[in-house]
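For reference, the chains in residue letters:
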Amino acid sequence: MNGTSGRFALVVHGGAGVIEREDMSAEDERDILASLEDALDAGHAVLSTGGSALDAVQAAVVALEEAPRFNAGRGSVYTADGTHELDASIMEGHTRRAGAVAGVATIRNPVRLAREVMEHSPHVMLIGAGAERFADTRDAVERVPNAWFDTPARFAQLQQAQARERAAAEAPGQDPADLKGKYFGTVGAVALDVHGHLAAATSTGGMTNKQWGRVGDSPLIGAGTWADDRCAVSGTGWGEFYIRNAVAHDICARVAYRGDTLQAAADEVIWRRVGELGGDGGAIALDRDGHIAMPFNTSGMYRAWIGVDGDRGAAIFREG
Ligand code: ASP
């Protein structure tokens, strides 16, 4: 038992990256905040009636996958081939059960398939065509044509990314591999339930213009998602650096092994570890005492939270 037994908390994110206030219309901002609030409502409905952290993070992430503003589910970014390949993972803290899928193309809500992998397969992670075949056996998983994920805004982003990369390749001195803060977005949730249990989930379309079956950190347990019995994390950022730093696990390991506060652990990993290798992004983290940390070393991170004391908020920029 811990000090928060009987209370619950939930944090969601809709991605970190180059998000400039001057580039965002009032309507964009309103829509994005409303979608974050919808995700909080979905998770709150589970947690406030005694439901599990696992169900809450799934409900919140499904809501974010359904919101076309975010790079997950509908609204996912495009690959270099003009298609969508989606990744997701989910983990329950006290049991350490986990499920993940990568490179799926017809799964409306990849986080649901990750949950099915966790509960109805002997495996943790399934990819591509095999994951789709597993989905054929699970009635709970809705299928859609790949074009269902299309949105005009993401298509425009693909065209910009391709033009930018062509220009960079031709301009001496520019590194076409420098993607810092450029093409990201992901959704995620962490929750603490009234039973004192934690869970985390993350879902993404990955990186705009990705090729060769590129998979980032989001579906990798320990990199983009982690939950144990005292700490839960969902990351968002330049996935290669999150993999190389085992970001989500490292934050929780610092809490467990070093006795760091959640905030100190999350700040160290996002600001120093990811930053010093040249990566960028953010994370949401929650511990079993209900502490919340939401660091990001980018200009913005879409995020919203309900604390154990019932305080509720949503923000995009640092001052929020
Ligand atoms: N981490 C995700 C990836 O690399 C993208 C993001 O979070 O923005 O696929």
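Look up: the structure comes first, before these words.
Residues numbered from 1 in each chain as written. Predicted model: local features only at pLDDT ≥ 70, side-chain atom pairs only at ≥ 80, totals over all residues. Heavy atoms only, no water.

A. Layout of the packing of helix α2 (residues 53-66) against helix α3 (residues 110-120). The interhelical angle for the contact between α2 and α3, taken along N-to-C directions, is 150 degrees, at an axis separation of 8 Å. Considering their axes alone, α2 and α3 lie roughly antiparallel with respect to each other. For the pair α2 and α3, contact is made by Leu 54, Asp 55, Gln 58, Val 61, Val 62 and Glu 65 and by Pro 110, Val 111, Arg 112, Arg 115, Met 118 and Glu 119, respectively. Per-class residue counts for the contact of α2 with α3 are six nonpolar, one polar and five charged. (Axes fitted to C-alpha atoms, helices over the stretch in contact; angles between N-to-C directions. Helix = DSSP H or I, 4+ residues; strand = E, 2+ residues; numbered from the N terminus. Parallel < 35°, antiparallel > 145°, perpendicular 65-115°, else oblique. Contact = heavy atoms within 4.5 Å. Nonpolar A, V, L, I, M, F, W, Y, C, P; charged D, E, K, R; others polar.)

B. Up close: the sheet that holds strand β10 (residues 292-293). Spatially, β7-β8-β9-β10 is the arrangement adopted by the four strands of the open sheet, whose pairing is antiparallel. Of all strands in the sheet, those with a lone pairing partner are β7 (225-227) and β10, marking the two edges. Alignment of strand β8 (residues 231-237) against strand β9 (residues 281-287), held across seven bridges, turns out to be antiparallel. Note that in β9 the partner of Ser 234 across the bridge is Ile 284. Against the sheet, helix α7 (residues 247-258) contacts β7, β8 and β9, and its axis sits at roughly 145 degrees relative to β8. Strand contacts of helix α8 (residues 262-277): β8, β9 and β10, with the helix running at about 160 degrees to β9, the strand carrying the most contacts. (Pairing = 2+ DSSP bridges.)

C. Representation of the environment of Pro 219. For Pro 219, the position within the fold is in the loop between β6 (198-204) and β7. Classification of Pro 219 by relative accessible area gives buried; the value is 1%. Beyond its immediate chain neighbours, meaning those up to four positions away, Pro 219 contacts Asp 87, Ala 88, Ser 89, Ala 100, Val 101, Ala 102 and Met 125. (Buried < 20%, exposed > 50% of the residue type's maximum accessible area, 1.4 Å probe, protein only.)

D. A look at unusual backbone geometry. Notably, Arg 96 is not glycine yet its phi reads approximately 55 degrees, a positive angle. Relative to the elements of secondary structure, Arg 96 occurs in the loop between β2 (86-92) and β3 (98-104). Judged by its relative accessible area of 45%, Arg 96 falls in the partly exposed class. The phi angle at Trp 212 is positive, at roughly 60 degrees, despite the residue not being glycine. With respect to the helices, strands and loops of the structure, Trp 212 is situated in the loop between β6 and β7.

E. Highlighting the pairing of strand β1 (residues 9-17). The buried fraction of β1 amounts to nine of the nine residues, a majority that puts the element mostly inside the structure. Pairing of β1 with strand β5 (residues 187-192), which is carried by five bridges, proceeds in the antiparallel orientation. Looking across to β5, one finds that Val 11 is bridged to Val 190. One ladder, built from seven bridges, connects β1 with strand β11 (residues 300-306); its direction is antiparallel. Bridging from a neighbouring strand, Val 12 pairs with Ala 304 of β11.

F. A look at α2. Helix length check: α2, at 14 residues, gives a terminal C-alpha distance of 20 Å against a target of 20 Å (1.5 Å per residue), a fit within 8%. Most of α2 sits out of view: ten of its 14 residues are buried. Buried residues of α2: Ala 53, Leu 54, Ala 56, Val 57, Gln 58, Ala 60, Val 61, Val 62, Leu 64 and Glu 65, and no others. Contact partners of the buried residues in α2: β1, α1 (26-47), β2, α3, β5 and β6. (Expected span 1.5 Å × (residues − 1).)

G. The arrangement of the pattern of salt bridges in detail. Applying the stated criterion across every chain yields a total of 19 salt bridges. Residue Glu 268 is joined to Arg 273 by a salt bridge in which the shortest nitrogen-to-oxygen separation is 2.9 Å. Connected via shared salt-bridge partners are Asp 55, Glu 92, Arg 97, Arg 115 and Glu 119. (Salt bridge = Lys/Arg side-chain N within 4 Å of Asp/Glu carboxyl O.)

H. Local environment of the nonpolar core. The biggest cluster of nonpolar side chains holds 51 residues, and the ones touching the most others in it are Val 12, Leu 36, Phe 70, Ile 90, Leu 113 and Tyr 302. Looking at this core element by element, the count peaks at eight residues for α2. The next biggest cluster of nonpolar side chains, apart from the first, holds 39 residues, and it includes Ala 16, Trp 226, Val 255 and Ala 266. (Core = buried A, V, L, I, M, F, W, Y, C linked by side-chain atoms within 4.5 Å.)

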